[in-house]
Amino acid sequence: MAMNVKQLRNTLLLVLTALIWGCSFVAQSVGADHVGPFTFLATRSWLGGIVLLPVIAIMDAQKRKQLGYSAESQPETQKKNRRTLLIGGFCCGLFLFLASLTQQIGLASTTTAKAGFITTLYVVIVPILTLFMGRKIGKKIWLCVVMGVVGLYLLCMTGSLTLEYGDAMVLLCAFLFAGHILVIGHFSPHLDGIRLSCAQFFVTAIISTICMFLFEQPTLATLQSAALPILYAGILGSGVGYTLQVVAQKGLNPTIASLTMSLESVFSALAGWVLLGQGLSVRELAGCLLMFAAIVLAQLPDRKAPQTDNASEAIPSSES
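Residues numbered from 1 in each chain as written. Predicted model: local features only at pLDDT ≥ 70, side-chain atom pairs only at ≥ 80, totals over all residues. Heavy atoms only, no water.

J.: How should I be thinking about the packing of aromatic side chains in this particular structure?
T.: What characterises a pair of aromatic rings is the spacing of the ring centres plus the angle enclosed by the ring planes. Under the criterion given, the structure shown has 3 aromatic pairs. Between Phe38 and Phe97 the ring centres are 6.3 Å apart and the planes differ by 20°, which places this aromatic pair in the stacked class. Within this pair, whereas Phe38 is found in helix H2 (residues 37–67), its partner Phe97 is found in helix H3 (residues 75–107), the two being separated by 59 residues in sequence. Each member of the aromatic cluster is reached from another via a ring pair, and the members are Phe38, Phe97 and Phe215. (Phe/Tyr/Trp six-rings, centres within 6.5 Å; stacked < 30°, edge-to-face > 60°. Helix = DSSP H or I, 4+ residues; strand = E, 2+ residues; numbered from the N terminus.)

J.: Which parts of the structure should I look at to understand the state of the cysteines?
T.: Among covalent bonds in proteins, the disulfide is the one between the sulfur atoms of two cysteines. Under the criterion given, the structure shown has 0 disulfides. Here Cys92 stays free of any disulfide, with the sulfur of Cys91 as its closest cysteine sulfur at 6.8 Å. (Disulfide = S-S within 2.5 Å.)

J.: Sorry, what's going on with the environment of Ile210 here?
T.: Here Ile210 lies in helix H8 (residues 193–215). Given the relative accessible area of 49%, Ile210 is considered partly exposed. For Ile210 and Ala42, which are 168 residues apart along the polypeptide, the C-alpha to C-alpha distance reads 8.8 Å. (Buried < 20%, exposed > 50% of the residue type's maximum accessible area, 1.4 Å probe, protein only.)

J.: Where do I start with empty space enclosed by the protein in this structure?
T.: One water molecule sets the probe size; rolling that probe over the atoms shows where empty space is left. A full pass over the atoms with the stated rule returns 2 cavities of 30 Å³ or more. Of the volumes computed, that of the second largest cavity is approximately 30 Å³. (1 Å grid on protein atoms, 1.4 Å probe; cavity = no way out; pocket = protein on both sides within 12 Å on 5 of 7 lines; lining within 4 Å. Points joined across faces, edges and corners; volume = space filled by probe spheres on them.)

J.: I tried to follow the pattern of salt bridges on my own but got confused; where do I start?
T.: A side chain of one charge can pair with a side chain of the opposite charge when the charged atoms of the two come close. Within this structure, the stated rule accounts for 1 salt bridge. A salt bridge links Arg195 to Asp60; the shortest N-O distance between them is 2.6 Å. Within this pair, whereas Arg195 is found in helix H8, its partner Asp60 is found in helix H2, the two being separated by 135 residues in sequence. (Salt bridge = Lys/Arg side-chain N within 4 Å of Asp/Glu carboxyl O.)

J.: Would you mind going over the environment of Cys198 with me for this structure?
T.: Along the polypeptide, Cys198 turns up in helix H8. Cys198 sits in the buried class, given a relative accessible area of 4%. Counting along the chain gives 105 residues from Cys198 to Gly93, while the straight-line C-alpha distance between them is 9.4 Å. Apart from the residues within four sequence positions on either side, Cys198 is in contact with Gly49, Leu52, Leu53 and Ile56. (Contact = heavy atoms within 4.5 Å.)

J.: Explain a nonpolar patch on the surface to me, please; I cannot follow it from the model alone.
T.: Together, Trp46, Ile50, Leu53, Ile206, Ile210, Leu214 and Phe215 make up a nonpolar patch on the protein surface, roughly 720 Å² of accessible area in all. For the nonpolar patch, the secondary-structure elements that each account for two or more residues are H2 and H8. If you tally residues by element for the nonpolar patch, the top one is H8, at 4 residues. (Patch = residues over 30% accessible without salt bridge, like charges linked within 9 Å, V, L, I, M, F, W, Y side chains within 5 Å. Areas by Shrake-Rupley, 256 points an atom, 1.4 Å probe, with all protein chains shown as cover.)

J.: How do you make sense of the nonpolar core when you look at a structure like this?
T.: Proteins that are soluble and globular tend to have nonpolar side chains buried together. Ile118, Leu121, Tyr122, Phe177 and Met291 are the most contacted members of the largest nonpolar core, which totals 36 residues. Put simply, the parts of the chain that give this core at least two residues each are H2, H3, helix H4 (112–119), helix H5 (122–131), helix H6 (139–156), helix H7 (165–187), H8 and helix H13 (282–299). If you look at the next biggest cluster of nonpolar residues, it comprises 8 residues, including Ile184, Phe187, Leu196 and Ala199. (Core = buried A, V, L, I, M, F, W, Y, C linked by side-chain atoms within 4.5 Å.)

J.: Any chance you could explain the confidence of the model for the protein chain here in plain terms?
T.: Detail in the predicted coordinates should be disregarded across regions flagged by low pLDDT. This prediction gives the protein chain a mean pLDDT of 79; 81% of its residues lie at or above 70. Within the protein chain, helix H14 (residues 310–313) has the poorest average pLDDT of any element, 44, and H8 the best, 93. (pLDDT = per-residue confidence, 0-100.)

Set out below in structure tokens:
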């Protein structure tokens, strides 16, 4: 079936989203050379939340103009929605903080290509976690797990059967992002997506800022040195990236959306190669290709189940 203009536009927007998120790995890697992980995460999270505030204000104004008075304007409904937003924002923000922190720590001692591919393993990890929630997973997912593990071995193992420290931290980050996806999958049906993203950014920013003053000593000079990476990761990677995802996924087939956003890992590898000169060996390329194949295969719907699980459809960000 031919793709209509709206589907094509939304797909191209998701390609742009994947490009932004993929390049965010380069920004995080460069930023790690100048400031600590708490400082980088705090500043980019404040920026991400602030960027979304005018978007929310514009959306609310348009909604009031179109719908006028509604049940949402009633005090009891507002109180309930506010409570759900606070709980959801805190849970999502906590997972985002832990995932982003381990990713930022890992990026300080690994390449952007490895970080991008390992982080994207959350696409395979999510269905595994759902197994512990009482949901069955098929043979295809197990095949994806095996492919992902073999690809991870080819990409990251050096000499002995041990992961490098940075690779291990990014792998932990992939598990935390998987948890983040599941939490978002729980709260997103009850809340506006952009408002939830904004709330989680501010929760992450507050926690990161507290840790920044406790464990790091940021200076104006170091912040100035990392200004461009922080601005990119905060405004584009967080604010614009999340907004584009929410807008582009409306009316788009979830399989097409998931596959398109998986290009984040490809763009991160290309960005590391072009901008940082971080080349990949034949062995590492084979691992990347195998992991990418596992990620793509995990997103393809089963014939018996046209609609995938909601938890696996909710793709955040890894961004970063």
